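Residue strings, one per chain:
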Amino acid sequence: MSLSISTIINGEPRSIAIDDPRVSLLDLLRERLDLTGTKKGCDRGQCGACTVLVDGRRVNACLTLAVSVDGAEVTTIEGLARGDLLHPVQAAFIEHDGFQCGYCTPGQIMSAIGLIQENHAGSDPERIRELMSGNICRCGAYQGITEAVLEAREAMSEKNRSDAA
Amino acid sequence: MSPESISPILQQGRHGSNAGQPLTRRDGVLKVTGRATYAADNHPRGMLYAVTAVSTIARGRVTSLDVAAAKAHPGVVEVITPANRPPLSHNPAEKMPPFGFRVEVLQDDTVRYVNQPIALVVAETLEAATEGAALLNPRYETAPARTGRDNGDRYAPPAIGVGSPPRTAYGDIEAGMASATRVTTAEYSTPAQYHNAMEPHAVVAEWDGDRVTLDMPNQALALSAGAYAKYFGIPPENVLIRSPFLGGGFGSKAILNGPQILGILAARMLQRPVKLALTRAQMYGPVGHRGATWQTLRIGTEDDGRITALHHHSLSATSSFDDFIEPAANSSLPLYASPALLAEHEGLRLDTGTPGPMRAPGEASGSAALEVAIDEAAQACGMDPLAFRLANYAETEPGTNKPFSSKALRECYDQGASRFGWSTRPLEPRQMRDENGLLVGWGMGTAVFHCPHFPAEARATLRADGTALVETGGADMGQGAWTALAQIAAEALGLDPDQVELHSGISNLPDGGIAGGSGHTASAGLALHNAGEDAIAQLSELATSDEASPLYGAGNVGVVARHGRLHRRDDETRSESYADILARARRREIVGTAKANRSPDVAEGHALLSHGAVFAEVKVDPDLGQMRVSRLVGAFAAGRVINPRLVQSQYFGGMIWGISFALQEEAITDRRTGRIMNADLAEYHVPVNADVPSLEAILVPEQDDIVNVLGVKGVGEIGVTGTVGAIANAVWHATGVRVRRFPIKIEDLL
Amino acid sequence: MKRFDYIRAASASEAIAASAHPNSVYLAGGTNMLDLMKIGVARPDRVIDISRIEGLSEITWQDDGGVRIGALVRNADLAYDGRFARTFPSVAEALLSGASAQVRNAASVGGNLMQHTRCAYFHDPASACNRRVAGSGCDAREGENRLHAVLGWSEHCIATHPSDFCVPLVAFDANVEVEGPHGSRDIKLWEFYSLPGSTPDHVTALQPGELIVAVKIPAASAAFAPNARYLKLRERTSFAFAVVSCAAALQIDGGMIQSARIALGGVAARPWRCQGAEAALIGVEPGREAFEKAASLALADAHPSGDNAFKIELARRIMVRALTLAMEGTPETMPALPASPFPSESGARHVA
């Protein structure tokens, strides 16, 4: 059976034929759309490396069927920077050395963006740590990640304030 | 994302410019934008997907596979089993020194451990290959699995670790025990642990005649290319391994394994590119692990706390068919002064995949036991654990009496203790509570790690425009090699790192050695340093022998290279840019080459070790046994620091591995079947962000003019050592309960 | 993963009709079902995607103050719903102590109720498991069973229910509203889960084709809001299933307990309501002595099913602690580490 889905990926409307309903959103991105920035670490929702935003919410792409994002908007790590302009979360991860091997990093960054938008952590590092705990970093870059999220959140809210003024 | 919330790349420009400076990672932008390509991100045209089917028994043989069912699944192209597996040119039952283990590549129907490959299914899609493998429905003839300490076969291993002697003795251990006022004896156990790098092992293999290109994460490019060449009967230069980024390695990507060889074999057999990536569960078997140990320590002490004898015995588990004996007991050799030392090892054969080096092999498990035993000995003597360690401070290497090339451990103790606030620690356990009534405990451990050197080669090319290309086949698995190596090369070449292009991570470059043993920066870095010096020497020869150069005749006084110019050493106002020197000589480039080896005098005449001291605060719920490491302070001395930002991250990572070892990690094996019942990331626990509330790493200055000309030791693994013991000792200090089995669990404290 | 037909249902009735096909499953958030399909524990022929069904994503407040939560409400949306979190703070706390932010964003309320045990033998198709394959045996019984059941287990199955959410729900007399081929009905959550007995494969009271459409919490349970907690012990600080957990809620008036609600998690095949302990607390002055007595009563029938005797003592202690915390009062804001015995270490910041 072949199904066709319409979706917006990183701002670009796409119509995609899916010949196999078993394809996960993660494998759709990686193996069929050449968006390999999203990583597969466990394929079971246990590590967070595949975190993407679906309609603005952070989810595990490995536990999402590709066919189920029909009509939805998907944002991946490739959809953040504009040319040479990094998203503040990306910049903060570099500055605070919030990664080592880099494999979990796209998921960490997408998760951090989701967290900041959800706005349940404020500037409390303990809440940030708790709400970033769905993203495992085996290299152990957690301290830098927490610092990066704190700084990026600050930078984003300052930006919003100055835009509003 | 709205474009307004974006900051310019250039605004987060890197700090500093040279060795010793905290540059941000050169590959940072690639990694945060998803453009860093890992092996499984490759997708050559016409590529097939391969998925291994793995054994669910630990011992026996496969009696049938439903190949027809797998082949009937739409999209399945081929099923490879021992019946049709094409021949290999190297016998997989033979080890391939120095780091090659026996591998399982469908040579027969024997099953020797759980998750061993028993077939390979190749298909047009990943979904088809995965389901094809599931349809094979293997049947087995099952033999009883040998699991656990009491069911394995014990033996005397001829060697431990990577070729070390199994027994090392200095002095008379029993005389030392007899002369002691008291002898503290205890047994400690550590479980099997799995590396669990975030990136599963993968290969994308593409053949062109008898040449093959392999995209794979690899910690030892030249060594691996040579080994794959032997397996496939082709010259080593016909194997090109591309490994620009590794998603973590921790030792598991330094050695060859069966599944990746099978993926390469499938690509040759089917004459199409093949991608094979292990599932998370499949990483619990064929790609190495940290073997379980059962360690006994006996420590004889005088009344003043001085050690009279230190005896460390390790029973280390390995597989039924190959040997990797965790050299745990050797951790007791280089650290504490004692007139008598004995480190000895016994092997235990179990039906498990062969263990291998995993971040701080030997040291992690050995230091965990040693540092708790030292704490117990201090307790027995009624001494503060730090005072006890200082009373046994080794001014020369215990046993050998060799001088240390450098040793700032005393400074590590001082600075770490001061930062942590150790001096107010009560001696007795269960004395401290926080404002919420939680038990608080403070513990410490000494960190130590050896400084290996791996032979390495490099090339440095000064180009006509005054910039440089430096090349060595190294590996960056997250430690920051791409940045630190460029900093070292830039310094040798008198250039800013931004003027230095680094080529690495591919096997057709000069051999960069192994990214392991915390020795990569020192080894590959030294090769780059030497190559840079060679290029500068050639350049200076050109300049000083050229009458038109302001440096003419400076050959005797010499020149210095700085900011892209050569300056007369005795008169720095006389200088010339590299570009001008090359242009006048009509040279497009100058190529410097070098090898880096350690001189036998250095190795034999000195003890070469990094040191550190780790202080841990643990909070424990007095009723519920729930634990949290609320604070960790580590102070480490590891020679010269090339990049403090990256070095701090290495220490942090190691310390988090210490938390993991002490409180979380354990492969749970069904004792009847040998099956690993938590082969995933939900139940095999490694720390999450919330487990790490506060880390501090102090970079204690240490000058070492002996270890190598760079003065660099190594930082990748030492953070694990010391930390495990510090946490376990803090748990004791909080609760009064001495737990000698890792990981420490809730029920241990009820 | 086995090949399957994918059907997207536009309505509950369409879904129910589609499920007449043998070997069908419903798929909502997918966080448990897709995982089970990947590891070969679930091998359906037909997957009915119910996530687009209209009308199942609302949180509806009844006139009497009770709440009806649509089965497709996402775990995170429920936990962060202001009125819900104020009215049923321990339910919100339980939700936020489960899984990860990503999983909570996808997982549905109905799916949370339907999630399967974490028993490693259930998850391993090569092991014998009566719950997965009726009559195949139970490899957990003599296996690695440190975290298995201590209440309500049988020789045929010693698995535990993994949900955090369902623990306070059971305490609060929640009902499950289901629709099926023969109409709709309400099932008490306490009775929704079967104990294993000799038929561990009968996990829930759902009949073939029946679909959870809502979960309802009665108004009376809202009265516990000032004194309600959920507490959970884990083997790491976050993103881990419970070793044991406890939901405890009290109504205190004039220094005496008027009413109590207690349930344990991680100890049995269903969230374990402790009505005997609740009854023992009525009319009693709240305090350690009363709580210990109640906890002992609650665990009186507990037996280890393997290497897990410690869980009985741990369950006792966590119940005493959860009752103590409930007595002290619901925190004004959600704790930074929901359901953790650890207060926040917010002050700890990195110093290079």
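All values reported here derive from a predicted model rather than from experimental measurement. Note on numbering: residues in each chain are counted from 1, in written sequence order. The order in which chains are written sets their letters, starting at A; the order in which ligands are written sets their numbers, starting at 1. Local features are withheld for residues below a pLDDT of 70 in this predicted model, meaning they are given only at 70 or higher, and side-chain atom pairs are given and counted only at 80 or more; totals for whole chains, interfaces and linings count all residues. Only hydrogens and water are removed before side-chain values are computed, so all heavy atoms of the structure are retained for them.

*Asks:* Even after reading the chapter, I still don't get the overall build of chain B, so can you show me in this structure?
*Replies:* Assigned secondary structure in chain B consists of 16 helices and 29 strands. Using C-alpha atoms as the atom set, the radius of gyration is obtained and then compared with a globule rule of 2.2 Å times the number of residues to the power 0.38. For a compact globule of 750 residues, the expected C-alpha radius of gyration is about 27 Å, and chain B comes in at 27 Å, within 12% of that figure. With the C-alpha coordinates aligned to their principal axes, the bounding extent of chain B is approximately 80 × 75 × 60 Å. Buried positions account for 67% of the 750 residues belonging to chain B. Of all intrachain contacts in chain B linking residues separated by at least 6 positions in sequence, the fraction that spans at least 24 positions is 79%. In this tally, Asp and Glu contribute negative charge and Lys and Arg positive charge; neither His nor the terminal groups of the chain are included. Every charge is mapped to an atom, namely NZ of Lys, CZ of Arg, CG of Asp or CD of Glu. Looking at chain B, you have 66 positive and 83 negative side-chain charges, and the mean spots of the two groups are 2 Å apart. A helix here means a DSSP run of H or I that spans at least four residues, while a strand means a run of E at least two residues long, and both kinds are numbered starting from the N terminus. Partly exposed describes any residue whose relative accessible area lies between the buried limit of under 20% and the exposed limit of over 50%, with all areas from a 1.4 Å probe on protein chains only and scaled to the type maximum. In what follows, a contact means two residues having at least one pair of non-hydrogen atoms within 4.5 Å.

*Asks:* Looking at this model, I keep getting lost on the overall build of chain C. Mind explaining?
*Replies:* When helices and strands are tallied, chain C shows 12 helices and 12 strands. In terms of C-alpha radius of gyration, chain C reaches 20 Å, essentially the compact-globule figure of 20 Å for 352 residues. Referenced to the eigenvectors of the C-alpha coordinate spread, the extents of chain C come out at roughly 60 × 55 × 50 Å. Evaluated residue by residue, chain C yields a buried proportion of 61% over its 352 residues. Contacts in chain C between residues at least 24 apart in sequence constitute 65% of all its contacts with a sequence separation of at least 6. Here the accessible surface of atoms and residues is derived via Shrake-Rupley with a 1.4 Å probe, and residues count as covered only by protein chains that are part of the display. Taken as a whole, chain C presents about 12300 Å² of accessible surface, with 49% of it coming from carbon and sulfur. Each charge class in chain C can be summarised by its mean position, and for the 34 positive and 37 negative side chains these summaries are 4 Å apart.

*Asks:* Is there a simple way to explain the sheet that holds strand β12 (residues 272-273) of chain C in this structure?
*Replies:* By way of backbone hydrogen bonds, the strands of a sheet pair with one another, either parallel or antiparallel. Residues and elements named next belong to chain C. If DSSP finds at least two bridges between two strands, the strands pair. The sheet built from 4 strands is open, its strands ordered β9-β10-β11-β12 with antiparallel pairing. Bordering the open sheet on either side are β9 (228-233) and β12, each of which pairs with just one other strand. Across 9 bridges, the pairing between strand β10 (residues 244-253) and strand β11 (residues 256-265) is antiparallel. Its bridge partner being in β11, serine 245 is matched across the sheet by glycine 265.

*Asks:* Even after reading the chapter, I still don't get the domain arrangement of chain C, so can you show me in this structure?
*Replies:* How large an interface is tends to be reported as the accessible area lost when its parts come together. The domain boundaries assigned to chain C delineate domain 1 (5-49), domain 2 (59-115 + 161-220) and domain 3 (223-328). Domain delimitation in this document rests on an assignment produced automatically or drawn from a domain database. Computed from C-alpha coordinates alone, the two centres of domain 1 of chain C and domain 3 of chain C are separated by 36 Å.

*Asks:* Help me understand the environment of leucine 126 of chain B in this model?
*Replies:* Relative to the assigned elements, leucine 126 of chain B resides in helix α3 (residues 126-134). Each C-alpha atom of the pair leucine 126 of chain B and alanine 309 of chain B lies 59 Å from the other, and the pair is 183 residues apart in sequence. For leucine 126 of chain B, the contacting residues outside a window of four places in its chain are Asp27 and Lys40 of chain A together with Tyr49 and Val51 of chain B.

*Asks:* Is there a simple way to think about the interface of chain B and chain A in this case?
*Replies:* Listed by partner, the interface residues are 72 residues for chain B and 58 residues for chain A. A buried area of about 5400 Å², summed over both sides, lies between chain B and chain A, and 55% of it is on carbon and sulfur atoms. Salt bridge criterion: a side-chain nitrogen from Lys or Arg within 4 Å of a carboxyl oxygen from Asp or Glu. If you look at where chain B meets chain A, you find 7 salt bridges. Here glutamate 665 of chain B ties to arginine 138 of chain A by a salt bridge, and the two come within 2.9 Å at their closest N and O atoms. Pairs of N or O atoms within 3.5 Å make up the polar contacts considered here, provided that, within protein, one atom can donate a hydrogen while the other can accept it, and that residues adjacent in sequence are counted only when both atoms are side-chain atoms. In this structure, the connection of chain B to chain A is made through 32 residue pairs in polar contact (both at pLDDT 80 or more). Only β1 (7-8), α1 (28-32), α3 and α15 (644-663) of chain B provide two or more residues apiece to the side of chain B that touches chain A. Among the elements that make up the side of chain B that touches chain A, the one with the highest residue count is α15 of chain B (9 residues). For the side of chain B that touches chain A, the per-class residue count stands at 36 nonpolar, 22 polar and 14 charged. Accessible-area loss on putting two parts together, using a 1.4 Å probe and summing over both, is the definition of buried area adopted here. Lys, Arg, Asp and Glu make up the charged group, whereas Ala, Val, Leu, Ile, Met, Phe, Trp, Tyr, Cys and Pro make up the nonpolar group; the residues left over, Gly among them, are polar.

*Asks:* Would you explain the sheet that holds strand β3 (residues 46-49) of chain C in this entry?
*Replies:* Residues and elements named next belong to chain C. Strand order in this open sheet of 3 strands is β1-β3-β2, and the pairing throughout is parallel. Edge positions in the sheet fall to β1 (5-8) and β2 (24-27), since each has one partner strand and no second. Going across the sheet, the axis of each strand differs from the next one's by a mean of 25°, ignoring polarity. Bridge count for β1 against β3 is 4 bridges, and the pairing is parallel. What counts as an axis is a line fitted to C-alpha atoms, over the stretch in contact for a helix, and the angles between N-to-C directions run from 0 to 180 degrees.

*Asks:* How should I be thinking about the pattern of salt bridges in this particular structure?
*Replies:* Oppositely charged side chains can pair when the atoms bearing their charge come close. For the coordinates displayed, the defined rule picks out 82 salt bridges over all chains. In this structure, the salt-bridge partner of lysine 619 of chain B is aspartate 434 of chain B, at a minimum N-O distance of 3.2 Å. On the criterion of sequence distance, the pair formed by lysine 619 of chain B in strand β27 (residues 609-620) and aspartate 434 of chain B in the loop between β18 (432-433) and β19 (439-450) is long-range, its members being 185 residues apart. Given the relative accessible area of 8%, lysine 619 of chain B is considered buried. Aspartate 434 of chain B sits in the buried class, given a relative accessible area of 12%. Ionic pairing is found between aspartate 164 of chain C and lysine 232 of chain C, a salt bridge with its closest N-O pair at 2.8 Å. Taken together, the residues aspartate 164 of chain C in the loop between α7 (109-114) and α8 (166-171) and lysine 232 of chain C in strand β9 connect sequence positions 68 residues apart. In this pair, the class of aspartate 164 of chain C matches that of lysine 232 of chain C, namely buried. A single network of salt bridges, built from pairs that share partners, joins Asp27, Lys40 and Asp43 of chain A together with Lys38 of chain C.

*Asks:* Would you mind showing me how to read the environment of aspartate 570 of chain B here?
*Replies:* Residue and element names in this part refer to chain B. Within the secondary structure, aspartate 570 is located in the loop between β24 (565-568) and β25 (571-577). Judged by its relative accessible area of 47%, aspartate 570 is partly exposed. In this structure, the C-alpha to C-alpha distance between aspartate 570 and valine 560, residues 10 residues apart in sequence, is 9.6 Å. Among the polar contacts listed, one links the side chain of aspartate 570 to the side chain of arginine 568, at a separation of 2.7 Å.

*Asks:* Help me understand the interface of chain C and chain B, please; the structure alone is not making it clear to me.
*Replies:* The interface of chain C with chain B comprises 44 residues on the first partner and 47 residues on the second. Interface area for chain C against chain B, summed over the two sides, is near 3900 Å², with a carbon-plus-sulfur share of 53%. At the boundary of chain C with chain B, the tally comes to 8 salt bridges. Measuring nitrogen to oxygen at the nearest pair gives 3.1 Å for the salt bridge that ties arginine 671 of chain B to aspartate 307 of chain C. Here the element with the most residues in the side of chain C that touches chain B is helix α12 (residues 309-328) of chain C; it accounts for 5 residues. Here the side of chain C that touches chain B is built from residues that sort into 20 nonpolar, 5 polar and 19 charged.

*Asks:* Looking at this model, I keep getting lost on the state of the cysteines. Mind explaining?
*Replies:* Two cysteines whose sulfur atoms are joined by a covalent bond form what is called a disulfide. Note on terminology: disulfide denotes any pair of cysteine sulfur atoms within 2.5 Å. Within the structure shown, the criterion is met by 0 disulfides over all chains. Note on cysteine 42 of chain A: no disulfide assigned, nearest cysteine sulfur contributed by cysteine 47 of chain A at a separation of 3.8 Å.

*Asks:* For this particular structure, what's the right way to read the domain arrangement of chain B?
*Replies:* Residues and elements named next belong to chain B. Domain annotation for chain B reports domain 1 (382-452 + 604-749) and domain 2 (456-597). Of note, the centres of domain 1 and domain 2, computed from C-alpha atoms alone, are 38 Å apart. Domain 1 puts 17 residues into the contact, and the matching count from domain 2 is 18 residues. Of the roughly 1200 Å² buried where domain 1 meets domain 2, counting both sides, 59% is carbon and sulfur surface. On the domain 1 side of the contact with domain 2, Pro452, Ile642 and Leu710 bury the most area, a combined 37% of that side's loss. The interface formed by domain 1 and domain 2 includes 1 salt bridge. Where arginine 640 meets glutamate 491, a salt bridge forms, and the shortest distance between an N and an O atom there is 2.9 Å. Where domain 1 meets domain 2, there are 6 residue pairs in polar contact (both at pLDDT 80 or more). Elements represented by at least two residues in the side of domain 1 that touches domain 2 include exactly β19 and α15. Split into classes, the residues belonging to the side of domain 1 that touches domain 2 amount to 8 nonpolar, 6 polar and 3 charged.

*Asks:* Teacher, can you tell me more about helix α7 (residues 258-270) of chain B here?
*Replies:* Working note: α-helix, 3.6 residues per turn, so residues spaced by three or four point in the same direction. Residue and element names in this part refer to chain B. Given a helix with a known number of residues, its expected span is that number minus one, times 1.5 Å. Helix length check: α7 (13 residues) gives 18 Å between terminal C-alpha atoms against 18 Å at 1.5 Å per residue, within 8%. A large share of α7 lies buried, amounting to 11 of its 13 residues. Of the positions making up α7, those classed as buried are Gly258, Pro259, Gln260, Ile261, Leu262, Gly263, Ile264, Leu265, Ala266, Ala267 and Leu270. Following α7 by one or two positions, glutamine 271 adopts a phi angle in the positive range, close to 55°.

*Asks:* Could you clarify how one ought to interpret the packing of α15 of chain B against helix α16 (residues 723-735) of chain B in this entry?
*Replies:* Two quantities define a packed helix pair, namely the angle between the helix axes and the distance between the axes. Residues and elements named next belong to chain B. For the pair α15 and α16, the least separation of the axes is 8 Å and the interaxial angle reads 50°. Accordingly, the angle class assigned to the pair α15 and α16 is oblique. Note that α15 runs across α16; the crossing there is right-handed. Between α15 and α16, the residues in contact are Met655, Gly658, Ile659, Phe661, Ala662 and Leu663 and Thr723, Val724 and Ile727, respectively. For the contact of α15 with α16, the class distribution of residues is 7 nonpolar, 2 polar and no charged. For classification, angles of less than 35 degrees are called roughly parallel, those exceeding 145 degrees roughly antiparallel, those between 65 and 115 degrees roughly perpendicular, and all remaining angles oblique. Crossings are assigned a handedness: left-handed for a near helix turned anticlockwise from the far helix by less than a right angle, right-handed for a clockwise turn.

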